[in-house]
Amino acid sequence: DGIAWFTRPAEGRVGRRGSDGIVREFVLPEASEPTGIAVARDGAAWVAERRGNRLVRVSPDGEVTAWPLATSNGQPDAVSVAPDGSVWLTLPNSRRIARVSAQGALEEFAVENAPAGIAVAPDGGVWFGAPTSKRLGRLDPATGKVAWTPLPDAPVAVAAGRDGSIWVVLGVGDKLGRIPPKS
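Residues numbered from 1 in each chain as written. Predicted model: local features only at pLDDT ≥ 70, side-chain atom pairs only at ≥ 80, totals over all residues. Heavy atoms only, no water.

### A short note on unusual backbone geometry
Item 1. For Asn-73, which is not glycine, the phi torsion reads 55° and is therefore positive.
Item 2. Relative to the helices and strands, Asn-73 resides in the loop between strand 7 (64–68) and strand 8 (79–81).
Item 3. The partly exposed category is assigned to Asn-73, whose relative accessible area is 47%. (Helix = DSSP H or I, 4+ residues; strand = E, 2+ residues; numbered from the N terminus. Buried < 20%, exposed > 50% of the residue type's maximum accessible area, 1.4 Å probe, protein only.)

### What about the pairing of strand 14 (residues 135–139)?
Item 1. With respect to burial, strand 14 is a largely interior element, four of its five residues being buried.
Item 2. Two strands pair when backbone bridges link them, and strand 13 (residues 126–130) and strand 14 are joined in this way by five bridges, in the antiparallel orientation. If you follow Gly-129 over to strand 14, its bridge partner there is Leu-136.
Item 3. Here strand 13 folds back onto strand 14, and the loop between the two strands holds four residues, one of which, Lys-134, carries a positive phi near 55°.
Item 4. Bridge analysis of strand 14 against strand 15 (residues 146–150) gives five bridges, and the strand direction is antiparallel. (Pairing = 2+ DSSP bridges.)

Spelled out as structure tokens, the structure:
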């Protein structure tokens, strides 16, 4: 659609470049440090506020709604929007993954390692990297259990393909891995 959202962590801003090329920026509260960003089907951007310890929704017209996180100082980082409209984010400082349901309910899941990167596959599985143990985790939201896949290097970013493949950036960003969908 030609629209791009971006964060400016040092300035505490979220920006939107419209399909007409016009850039609008929206100011978040002081010391928010917006990091990860993902766009939902309705065109709104979901943003992790690292220092603000919140998940923020910025509508296409700039209306800001925030969800404070239950765990203090979780330092939210990566964000992903699931097919069901829920929003997932990593809380690396507290070794947790959080979900805000489409109805606005917040739930947190403890994981073994500080998560890095997050993606929700078409089947609803929540994938995240665990750099310190060189593994990729798949959280089953129904049970809260994590299945682990060992990797040859530390995962730093994760993405889900429409076909169910999981893509992972390894090391210092110089390697790309793929986990094929289950058949």
